[in-house]
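Examination of the molecular architecture
Chain by chain, the residues run as shown.
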Amino acid sequence: MSSKTVDVIAAALSERIENGEFASGRLPAERSLSEHYSTTRITLREALGLLEAQGIIYRELRRGWFLAPPRLVYNPAHHSHFHAMAAEQGRIATTEVIEAREVPAQLAIARHLALLEGDVVYRIRRLRRIDGRAVLYVEHYLNPAFFPGLLEEDLTRSLTDLYDQRYGIRYGGARFTILPGPLPARAAPTLNVASGTPGLLITRINRDLQGRVIDCDCEYWRYDALCVDVDV
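Residues numbered from 1 in each chain as written. Predicted model: local features only at pLDDT ≥ 70, side-chain atom pairs only at ≥ 80, totals over all residues. Heavy atoms only, no water.

The name that an unreviewed UniProt entry assigns to the protein is UTRA domain-containing protein, with the source organism given as Candidatus Pantoea formicae.

As structure tokens, this is what we get:
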């Protein structure tokens, strides 16, 4: 099938979406759509892929295709925590703790935290949702010297607030690395996508007001859920 046919199907679907035809937020099954456009599933998926690349729709593994909500606007230069950032944009954020325990620091994490390889660190794995949709899998690595007993706390809440309220520690500076790439096997299933799906990795190394490195966040985002907008 020609690329022109793919473009025509994508344009027709886009027009139907703009006209509010799929008010439920979910597209019909691929078989139904391919029959409607008298085309093959392969051609249909190419058309759906075009719309996905434009941020119009998104796919969830074994669930189908959905209309994409507005991207969350993320300014790494601001220290607004996830829940506050979502609320400011009229969105509802939730956090689920997958795991929280002590682990020996691997070399890369040890370097980020100015520790030695094998030193004990806290690792907290969390899944974060916007309006019920899983958009972010994050691994937090903390230097335990600054946060004794933290693993016993309610870790579904903002770590920013917890640091301040229990330990009197506030963020100062931070270093960010933003890198597109495939989502790793440990992150993809939690985000309802196949391993290797394009994603966005944001690594953030945080310092306190005294300039001490206190933690490191490794954030794996669905690429279609985020707009990075830096205002400095």
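1. Some points on the overall build of the protein
What counts, and what does not: The helix and strand labels rest on DSSP assignments: H or I over at least four residues marks a helix, E over at least two residues marks a strand, and numbering proceeds from the N terminus. In this scheme, a residue with accessible area under 20% of its type's maximum is buried, one over 50% is exposed, and one in between is partly exposed, where area comes from a 1.4 Å probe on protein chains only. Note on contacts: a residue pair is in contact if any heavy atoms of the two residues lie within 4.5 Å. With residues, only the protein chains shown are counted as cover, and all accessible areas are computed by Shrake-Rupley using a 1.4 Å probe. Here the positive residues are Lys and Arg and the negative ones are Asp and Glu; neither His nor the chain ends is included. For the purpose of locating charges, the reference atoms are NZ of Lys, CZ of Arg, CG of Asp and CD of Glu.
In terms of helices and strands, the protein carries six helices and 10 strands. In terms of its C-alpha atoms, the protein occupies a principal-axis envelope of roughly 65 × 35 × 30 Å. For the protein, buried positions account for 44% of its 232 residues. Long-range contacts, defined here as pairs at least 24 residues apart, represent 58% of the contacts in the protein between residues at least 6 apart. Element-wise, carbon and sulfur atoms account for 51% of the exposed surface of the protein, whose accessible area totals about 11900 Å². Averaged over its 28 positive side-chain charges, the protein has a centre that lies 4 Å from the centre of its 29 negative ones.

2. Focus on helix 6 (residues 159–167)
Let me state the cut-off plainly: Each C-beta atom gives one direction from the helix axis, and the arc is the one those directions make. Two N or O atoms form a polar contact when they lie within 3.5 Å of each other; inside protein one atom must be a possible hydrogen donor and the other a possible acceptor, and for residues adjacent in sequence the pair counts only when both atoms belong to side chains.
Within the span of helix 6, buried status applies to Leu-159, Leu-162, Tyr-163 and Tyr-167. For helix 6, the arc enclosing every buried residue in end-on projection is 100°, short of the 170-degree limit, so these residues lie on one face. Buried residues in helix 6 make contact with strand 5 (120–130), strand 6 (133–142), strand 7 (171–182) and strand 9 (213–222). Put simply, Ser-158 is the residue that caps the front of helix 6, since its side-chain oxygen is 3.2 Å from the backbone nitrogen of Thr-160.

3. Examining the environment of Tyr-74
Along the chain, Tyr-74 turns up in strand 3 (residues 72–74). We classify Tyr-74 as buried; its relative accessible area is 3%. In contact with Tyr-74, not counting residues within four places along its chain, are Met-85, Phe-176, Ile-202, Arg-204, Glu-219, Trp-221, Leu-226, Cys-227, Val-228 and Asp-229. A polar side-chain atom of Tyr-74 sits 3.4 Å from a polar atom in the side chain of Glu-219.

4. So, the nonpolar core
Our working rule: For the purposes of this section, nonpolar cores are sets of buried Ala, Val, Leu, Ile, Met, Phe, Trp, Tyr and Cys residues that join through side-chain atoms within 4.5 Å.
Formed by 20 residues in total, the largest nonpolar core has its most connected members in Leu-113, Val-121, Tyr-141, Leu-183, Leu-191, Cys-218 and Tyr-220. Residue assignment for this core shows that the elements contributing at least two residues are helix 5 (107–112), strand 5, strand 6 and strand 9. At four residues, the largest contribution of residues to this core is made by strand 9.

5. Focus: the pattern of salt bridges
Condition: The rule for a salt bridge is simple: a side-chain nitrogen of Lys or Arg has to be within 4 Å of a carboxyl oxygen of Asp or Glu.
In this structure the tally under the stated criterion is 18 salt bridges. Arg-212 is paired through a salt bridge with Asp-208; the nearest N and O atoms lie 2.6 Å apart. Classification of Arg-212 as partly exposed rests on a relative accessible area of 39%. One continuous salt-bridge network, built from bridges that share partners, spans Glu-99, Arg-101, Arg-123, Arg-125, Glu-139 and Arg-186.

6. Comments concerning the packing of aromatic side chains
We count it as follows: For this analysis, a ring pair means two rings from Phe, Tyr or Trp (six-membered ring only for Trp) whose centres lie within 6.5 Å, classed as stacked if their planes differ by under 30 degrees, edge-to-face if by over 60, and tilted for the remaining angles.
Overall, the coordinates contain eight aromatic pairs when judged by the stated rule. Between Tyr-74 and Trp-221, the aromatic rings sit 5.7 Å apart at their centres with planes inclined by 35°, giving tilted as the arrangement. Here Trp-221 lies in strand 9 and Tyr-74 lies in strand 3, a separation of 147 residues in the sequence. Each of the two residues, Tyr-74 as well as Trp-221, counts as buried. Ring centres of Tyr-137 and Tyr-220 lie 6.0 Å apart, and the angle between their planes is 40°; on these two criteria the pair is classed as tilted.

7. Observations concerning the sheet that holds strand 7
Worth spelling out the cut-off: DSSP-based pairing: two strands are paired if at least 2 bridges between them are found. Axis lines are fitted to C-alpha atoms, over the contacting stretch for helices. Their N-to-C directions set the angle, which ranges from 0 to 180 degrees.
Strand order across the open sheet formed by six strands is 4-5-6-9-8-7, with antiparallel pairing between neighbours. Looking along the sheet, the strands with just one partner apiece sit at the ends: strand 4 (93–104) and strand 7. Mean inter-strand twist for the sheet, computed between neighbouring axes without regard to direction, equals 15°.

8. Focus on the side chain of Thr-203
Inspection of the secondary structure puts Thr-203 in strand 8 (residues 198–208). In this structure, Thr-203 is in contact with His-112, Arg-175, Phe-176, Thr-177, Cys-216 and Asp-217, ignoring residues within four places of it in sequence.

9. So, helix 3 (residues 41–53)
Basically, it comes down to this: Here the expected length of a helix is defined as 1.5 Å per residue gap, with one fewer gap than residues.
Compared with the 18 Å implied by 1.5 Å per residue over 13 residues, the 18 Å span of helix 3 between its first and last C-alpha is a close match. Every buried residue belonging to helix 3 is among Thr-43, Leu-44, Ala-47, Leu-48, Leu-51 and Glu-52, and all of these are buried. Phi for Gly-55, located one or two positions after helix 3, is positive at around 75°.

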